[in-house]
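# Report on the structure
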Amino acid sequence: MHPEPISSPATTRQEPNRRFSVAPMMDWTDRHYRYFARLISRHALLYTEMVTTGAVLHGDPERFLGYSAEEQPLALQLGGSNPQELAQCAVLAERAGYAEVNLNVGCPSDRVQNNMIGACLMAHPALVGDCVKAMQDACSTPITVKHRIGINGRESYEELCDFVGTVHAAGCTSFTVHARIAILEGLSPKENREIPPLKYEVVHQLKRDFPQLEIILNGGLTDLDVMQAQLAHVDGVMVGREAYHNPWLLSEVDRRFFGDDHPLPSRIEVMALMRPYIERHIAAGGQMHHITRHMLGLFQGLPGARHFRRELSTTIHRTDEPLALYDALLEQMQARVG
C-alpha cells in the first residue's frame, strides 16, 4: 500500500494522556499483551512494538497495524528515516484510529542502525525534524518522538538541547526521553538498557529549559512511589520491563496517576476475562501460548506463582487440550489465592 500523503489538516486530534504509559518493547508489547494489560488498567497509554516503515508499506497491514478496539488508548511506534515513507505510514495509522504515532530515535541495535533507524538518528536532528514535519503535514494524529539523552560522540547537554530544539521547531511538542545515552558500537541492546548510567537530572533540566514541551521520563522505573515523585519534575512516566514482568503493577495506575477509583478486577477475574479472547484466537488458528506467554507474571509474589508460570510456559506445550489446561489452572489458582 502506498497512499499519497494528504495536505496539512486544519485541526489536530486531541493528544492522549501520557501521564503513565507502557513502553514499546520488541516481541513483548504485541496485541495480545496489550489486550491483557488493558484489563488491568483502563487509562495507561499503550504502545505497539516498533514497526518499520518497510513492514507497514510492503507487508501485511493487518499484521502490523491491526489491534482490538479494547486496547485504546493506543500509540503506534514507527521505525524509519525517510520522511515520505513515514508520512505514508502516518496516514495509514490515522485511518486505523491510533491515538498517536511515535518515531523511534532510541533503539541502539546494529540491525536498525544499518537502516538509519533508532538512536543513530540523534546525530541527524534536521532529518528527524523533516520526518516529524512530513508526518504532521500528512495527518492530524499527534506525532511524538522517543529518544535517548545522547549517543556516544554526541553526549553533551548542549547537543541534546540542539536535537530537541531542532525537532520542536519542526512541530513536535511531546518527547519521551530514555535517561541514558546509547553506545552504538560494542554494546548489545540489553547492555544499552543497563550499562550507561541513568541520569534523570538531565531529563529534569530538559523540562526546565523547555517548559512549553511535554517531557516524558523513561528508563529504569520500577516503583510506583518513585514514578509519582518524578511527576514533580516531568509531565509523565513511561515504564518498560517492570510492566511486563510484573503486570499487576498496572492495577494501581488508574487510581494513582489518573484519579480513577473504579473497582478493580481481581487477578482471578482478569484470568477469567482472558479466556474468551484466548478461545477466539485458537478458533482463528492461533495457539494459546501466543497469548499466555505474556501472562506469566500475573501472580508474581503470591502462592502458586511458580506453578502458574510452569503450567503456562512448559506444560502447555505437552497438551492437546490447552483450554482444558487453562480452565483447570484457573480453578487451581482460585483455590490458592482465594
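Residues numbered from 1 in each chain as written. Predicted model: local features only at pLDDT ≥ 70, side-chain atom pairs only at ≥ 80, totals over all residues. Heavy atoms only, no water.

## Brief notes about the sheet that holds strand β6 (residues 174-182)
The strands making up a sheet associate through backbone hydrogen bonding, with each pair oriented either parallel or antiparallel. Read around the closed barrel, eight strands run β1-β2-β3-β4-β5-β6-β7-β8, paired in parallel fashion. Taking each pair of neighbouring strands and ignoring which way they run, the sheet shows an average axis angle of 30°. Of the strand pairs in this sheet, strand β5 (residues 143-151) and β6 are connected by six bridges, and their pairing is parallel. The residue bridging I151 from the neighbouring strand is A182, located in β6. The strands touched by helix α7 (residues 157-169) are β4 (100-105), β5 and β6; relative to β5, the strand with the most contacts, the crossing angle is about 165°. (Pairing = 2+ DSSP bridges. Helix = DSSP H or I, 4+ residues; strand = E, 2+ residues; numbered from the N terminus. Axes fitted to C-alpha atoms, helices over the stretch in contact; angles between N-to-C directions. Contact = heavy atoms within 4.5 Å.)

## Overview of the pairing of β6
One face of the sheet, then the other: side chains in a regular strand alternate in exactly this way. Buried residues dominate β6, accounting for nine of its nine residues. Where β6 meets strand β7 (residues 214-218), five bridges bridge the pair, whose relative direction is parallel. Across the sheet, the residue bridging to H178 is N218, located in β7. (Buried < 20%, exposed > 50% of the residue type's maximum accessible area, 1.4 Å probe, protein only.)

## Quick word on the pattern of salt bridges
Counted by the stated rule, this structure contains 15 salt bridges. Across the salt bridge formed by R34 and E71, the nearest N and O atoms sit 2.7 Å from each other. Taken together, the positions of R34 in helix α1 (residues 31-40) and E71 in the loop between α3 (61-65) and β3 (74-79) put the pair 37 residues apart, joining distant regions of the chain. Note that R256 is salt-bridged to E252, the shortest N-O span being 3.6 Å. Relative accessible area serves as the criterion here: at 23%, R256 is assigned to the partly exposed category. On the basis of relative accessible area, E252 is assigned to the partly exposed category, the value being 25%. (Salt bridge = Lys/Arg side-chain N within 4 Å of Asp/Glu carboxyl O.)

## What to know about helix α16 (residues 322-337)
For α16, spanning 16 residues, the distance from its first C-alpha to its last is 22 Å, which sits close to the expected 22 Å at 1.5 Å a residue. Those residues of α16 lying buried are L323, L325, Y326, L329, L330 and M333. Burial along α16 is one-sided: seen end-on, the buried residues are contained in an arc of 145°. Away from the buried face of α16 by more than 90 degrees, exposed residues E331 and A335 are located. Each element contacted by the buried residues of α16 is listed here: α13 (267-283), α14 (289-292) and α15 (305-313). Once α16 ends, the next one or two residues include G338, with phi positive near 80°. (Expected span 1.5 Å × (residues − 1). Arc of directions from axis to C-beta.)

## Considering the packing of α7 against helix α9 (residues 200-209)
Across the interface, α7 lies against α9 with an axial gap of 11 Å and an inter-helix angle of 50°. In terms of axis orientation, α7 runs oblique to α9. Note that α7 runs across α9; the crossing there is right-handed. Taken together, the residues of α9 that come into contact with α7 (itself represented by Y157, L160, C161 and V164) are V202, Q205, L206 and D209. For the contact of α7 with α9, the residue count by class is six nonpolar, one polar and one charged. (Parallel < 35°, antiparallel > 145°, perpendicular 65-115°, else oblique. Left-handed = near helix turned anticlockwise from the far one by under 90°. Nonpolar A, V, L, I, M, F, W, Y, C, P; charged D, E, K, R; others polar.)

## Side note on the packing of aromatic side chains
Applying the stated rule across the entire model yields seven aromatic pairs. With 4.0 Å between their ring centres and 15° between their planes, Y35 and Y277 make a pair best called stacked. Placement of the pair is Y35 in helix α1 and Y277 in helix α13, with a sequence separation of 242 residues. Grouping residues by exposure puts Y35 and Y277 together as buried. Chaining the aromatic ring pairs together yields one cluster made of W28, Y33, F36 and Y244. (Phe/Tyr/Trp six-rings, centres within 6.5 Å; stacked < 30°, edge-to-face > 60°.)

## Structural notes on the confidence of the model for the protein chain
With 95% of its residues at a pLDDT of 70 or more, the protein chain has an overall mean of 94. Confidence drops under a pLDDT of 50 for residues 1-10, and excluding neighbours within four residues, the segment shows 25 contacts in the predicted structure. (pLDDT = per-residue confidence, 0-100.)

## Looking at the state of the cysteines
Counted according to the given criterion, the structure contains zero disulfides. With no disulfide of its own, C161 lies 15 Å from the sulfur of C172, the closest cysteine sulfur. (Disulfide = S-S within 2.5 Å.)

## Here's the deal with a positive patch on the surface
On the surface, R306, R309, R310 and R336 cluster together into a positively charged patch. With three residues, the top contributor of residues to the positive patch is α15. Mapped onto the fold, R309 is located in helix α15. (Patch = residues over 30% accessible without salt bridge, like charges linked within 9 Å, V, L, I, M, F, W, Y side chains within 5 Å. Areas by Shrake-Rupley, 256 points an atom, 1.4 Å probe, with all protein chains shown as cover. Lys, Arg positive; Asp, Glu negative; His and termini not counted. Charge placed at Lys NZ, Arg CZ, Asp CG, Glu CD.)

## Quick word on α13
Look at α13: 25 Å from first C-alpha to last across 17 residues, which is about the 24 Å you get at 1.5 Å a residue. For α13, the complete set of buried residues consists of R267, I268, V270, M271, M274, Y277, I278 and H281. The secondary structure elements touched by the buried residues of α13 are α1, α14, α15 and α16.

## Brief notes about the side chain of S140
Relative to the assigned elements, S140 resides in the loop between α6 (125-138) and β5. By relative accessible area, which is 14% here, S140 ends up buried. A polar contact is formed between the side chain of S140 and the side chain of E94, at a distance of 2.5 Å. (Polar contact = N/O pair within 3.5 Å; in protein donor to acceptor, adjacent residues only side chain to side chain.)

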